[in-house]
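Here are the chains, one letter per residue:
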Amino acid sequence: MHCRNGATLRMNHRAKWYGRALALALLICATAPWARGDGVMVDTKRKPDEAKWQPRETMTLEHLTGFTARQDIPAGKFGGRTDRKADVSGFFHPRQIDGRWWLVDPEGLLMYDVGCCSVARSPTRRGDAAMKQKFGSAEKWAAATAGQLHYAGFNALGCWSGWESFKETSPRQSYTVILNFMGGYGKQKGVAKQGSGHLLYPGDCMPVFDPEFEAFCVKLAREKASPLKDDPWLFGYFSDNELPFKVTALDEYLKLPATDPGHQAAARWVEKNGGKADGGAFLEHVADTYFGTVARALRQADPNHLFLGSRLHGSDLKREGIWRAAGRHADVIAVNYYGAWTPDAKLMSQWVEWSHRPFIVTEWYAKGADSGMANTGGAGWLVKTQADRGRFYQNFTLGLLEHPGCVGWHWFKYMDNDPEATGADPSNRDSNKGIVDADYKTYPDLLSRMKEINTRVYPLIDFMDHRRAAK
C-alpha cells in the first residue's frame with residue numbers, strides 16, 4: 001500500500017485492526033435501531049411508472065432512543081473534530097482506530113466527510129439569468145452557497161463540483177477531482193459513448209489492456225494532478241465514474257478481434273491458467289490491471305492525496321474480486337449506492353472484509369413527486385414529498401454512521417436537473433435531485449432534515465460506538 005508523509009498505512013496495519021472491525025460490524029444487524037421496527041413509514045417507488053407506492057420502514061433522528069446531543073462537537077477548519085487527534089500529515093488520509101475507520105484531516109483531526117455532489121452553477125441561459133437575479137454575480141453565488149452548505153453541516157464538495165469557485169470563500173470546503181482516465185482514453189480511441197449516467201464501451205470491454213493506456217494515464221495525471229499535489233484542501237481523486245466491470249468480461253474480451261489487445265490479454269490469461277475459463281478471476285484481473293495502472297500514474301504525479309477509486313456501482317457492490325483489486329490500490333473506495341432504502345450492514349461489512357479498506361458513499365438520493373418535475377431519469381428513489389426526501393436522508397445516513405467501515409457520504413446533488421440542459425446525459429434531464437431547484441430556490445423540508453444529522457455526526461458516531469461497546 002502506498003504510504004504518504006510517514007503514515008504507516010500498509011497491509012500489515014490493516015490486518016492488525018481488521019478482526020476488531022469485523023467483530024464490531026457483525027453486531028450492527030442486531031443493534032441498529034431500525035432493525036427493531038420503530039421509526040415511521042414512507043411511501044416509495046423505485047420507478048415513477050410503478051402502479052403502487054410501497055411503504056418502507058424509515059428511521060429518523062427523533063426515533064433514535066437514548067440519543068440527546070443537540071449539536072455537533074466543534075470542528076477545525078477542514079471539518080475534523082477538535083476533541084480527537086491523530087498523526088498530522090498535512091493532507092487527508094485514512095486511519096483505523098479501535099475498530100472504526102476515520103479520515104484524518106490535514107490538521108491531524110479525526111474527520112467524517114459529509115459532502116454534496118455537483119456544487120456548481122447551472123450552465124443554461126435560464127440558470128444564468130436565475131443566478132444573476134438571485135445573487136447578482138458568480139462570486140456572490142459562491143459566497144452564499146458556501147454559507148448555505150456550512151449552515152446545513154456539509155464539509156466537502158463532491159464529484160463534479162466547481163471547486164475553483166470556492167477557493168476564496170469562507171468557510172471553505174474540501175473538494176474532490178475526477179480525472180476520467182478510462183473515459184478520456186476511451187473517447188480518444190473512439191470506443192466510449194455516453195450512456196445513462198456513465199459511459200458505454202462495446203461489449204462492456206474497456207481498453208484497459210491497450211499498451212497506450214498507461215502512457216495516456218501518466219500524461220493526464222501529470223497535467224491534471226501535479227499542479228494540485230501541494231493543496232491541503234484537496235480531499236482526493238476519483239479515477240473514473242461507474243465503469244463496466246461485468247461478470248461476462250472473459251467471454252466478451254475473447255469475442256474481440258484477434259488483433260485487439262484485449263482479446264490477446266484474455267487469451268494469454270486463459271493459457272496461463274491452464275485453460276480454465278474462470279470469469280470471476282478474470283474480472284478481478286481486469287479490475288486489478290485498471291486500478292494498478294491509474295494508481296501508478298496518479299501517485300507518480302501526486303503522492304500526497306487520496307485515491308478514491310472509480311465509483312463502484314450496481315453489480316460491482318457484490319463482486320468480491322473487484323473489491324479485492326480496488327483495495328490493493330485505492331486508499332478509500334468510493335461507492336455509488338442505489339437500490340437500498342436502508343444500507344445493508346452485512347454487505348458493507350463484506351466490502352471492508354474483501355478490500356481491507358474503508359469506503360465512502362459518493363452518490364445516493366431520492367426525488368420528490370411534489371416538485372412538479374417528471375422524475376423519469378436517474379437511479380434514486382421516488383417519494384411523495386420533500387419532507388420524505390429528508391426522512392430518507394436521515395434513515396440512510398444513520399445506517400452509514402452505524403457502520404465502522406464508512407468514512408462519509410456525498411449526496412447527489414446540489415441542483416435539480418434543468419430541462420434546458422439538453423446536452424446532459426439521459427439520467428440528468430428531468431428529476432428533482434437537488435437541495436435547490438433550477439432557479440436556486442432551496443427545499444427547506446429537505447435541508448432542515450439534512451442539517452439535523454449533519455450537525456450531529458460526531459456525537460452520533462460516539463453514541464453508536466458506545467452502544468455497541470456496551471453490548
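How each quantity is defined
- Residues numbered from 1 in each chain as written.
- Predicted model: local features only at pLDDT ≥ 70, side-chain atom pairs only at ≥ 80, totals over all residues.
- Heavy atoms only, no water.
- Pairing = 2+ DSSP bridges.
- Helix = DSSP H or I, 4+ residues; strand = E, 2+ residues; numbered from the N terminus.
- Axes fitted to C-alpha atoms, helices over the stretch in contact; angles between N-to-C directions.
- Contact = heavy atoms within 4.5 Å.
- Buried < 20%, exposed > 50% of the residue type's maximum accessible area, 1.4 Å probe, protein only.
- Parallel < 35°, antiparallel > 145°, perpendicular 65-115°, else oblique.
- Left-handed = near helix turned anticlockwise from the far one by under 90°.
- Nonpolar A, V, L, I, M, F, W, Y, C, P; charged D, E, K, R; others polar.

## Looking at the sheet that holds strand β15 (residues 366–368)
The strands making up a sheet associate through backbone hydrogen bonding, with each pair oriented either parallel or antiparallel.
For step 1, the next point in the chain: What the four strands build is an open sheet, ordered β2-β1-β16-β15; its pairing is mixed. Single-partner strands in this sheet number two, and they are β2 (54–58) and β15. Neighbour to neighbour, the strand axes of the sheet diverge by 45° on average, direction disregarded.
For step 2, the next point in the chain: Pairing between β15 and strand β16 (residues 381–383): three bridges, direction parallel. What sits directly across from Lys367, in β16, is Leu382.
For step 3, the next point in the chain: Packing against the sheet, helix α12 (residues 386–402) makes contact with β1 (40–45), β2, β15 and β16, and its axis sits at approximately 165° to β15.

## A closer look at the pairing of strand β17 (residues 406–411)
For step 1, the next point in the chain: Within β17, six of the six residues are buried, which leaves it mostly tucked inside the rest of the structure.
For step 2, the next point in the chain: Two strands pair when backbone bridges link them, and strand β6 (residues 113–116) and β17 are joined in this way by four bridges, in the parallel orientation. Looking at the pairing, Asp113 lines up with Gly408 of β17.
For step 3, the next point in the chain: Here two bridges tie strand β14 (residues 359–363) to β17, and the two strands are oriented parallel to one another.

## Describing the packing of α12 against helix α13 (residues 444–454)
For step 1, the next point in the chain: Contact pair α12 / α13: the axes reach a minimum separation of 7 Å and the direction vectors enclose 20°. Compared by their axis directions, α12 and α13 come out roughly parallel. Of the two possible hands of crossing, α12 and α13 adopt the one that is right-handed. Residue-level inspection shows Gln386, Ala387, Arg389, Gly390, Arg391, Tyr393, Gln394, Thr397, Leu398 and Leu401 of α12 in contact with α13, the latter providing Asp445, Leu446, Arg449, Met450, Glu452, Ile453 and Asn454.
For step 2, the next point in the chain: By residue class, the composition of the contact of α12 with α13 is seven nonpolar, five polar and five charged.

## Here's the deal with helix α5 (residues 181–189)
It helps to recall that an α-helix has 3.6 residues per turn; residues three or four apart then point in one direction.
For step 1, the next point in the chain: For α5, the full list of buried residues reads Phe181, Met182, Gly183, Tyr185 and Gly186.
For step 2, the next point in the chain: The inward-facing, buried residues of α5 contact β10 (199–200), α6 (213–224) and α9 (279–301).
For step 3, the next point in the chain: Downstream of α5 by a residue or two, Gly190 has a phi angle that is positive, lying close to 85°.

## Quick word on the environment of Tyr151
For step 1, the next point in the chain: Within the secondary structure layout, Tyr151 lies in helix α4 (residues 138–151).
For step 2, the next point in the chain: Taking relative accessible area as the criterion, Tyr151 reaches 52% and is therefore assigned exposed.
For step 3, the next point in the chain: Along the primary structure Tyr151 and Ser448 are separated by 297 residues, whereas in three dimensions their C-alpha atoms are 9.9 Å apart.
For step 4, the next point in the chain: Residues in contact with Tyr151, not counting those within four places in the same chain, are Lys451 and Thr455.

## Examining the sheet that holds strand β4 (residues 100–104)
For step 1, the next point in the chain: Taken in spatial order, the three strands of this open sheet run β3-β4-β5, and their pairing is antiparallel. Two strands close off the open sheet at either side, each with one partner strand: β3 (93–97) and β5 (110–111).
For step 2, the next point in the chain: Bridge count between β4 and β5: two bridges; the pairing is antiparallel. Note that in β5 the partner of Val104 across the bridge is Leu110.

Keep in mind these numbers describe shape, not what the thing actually does.
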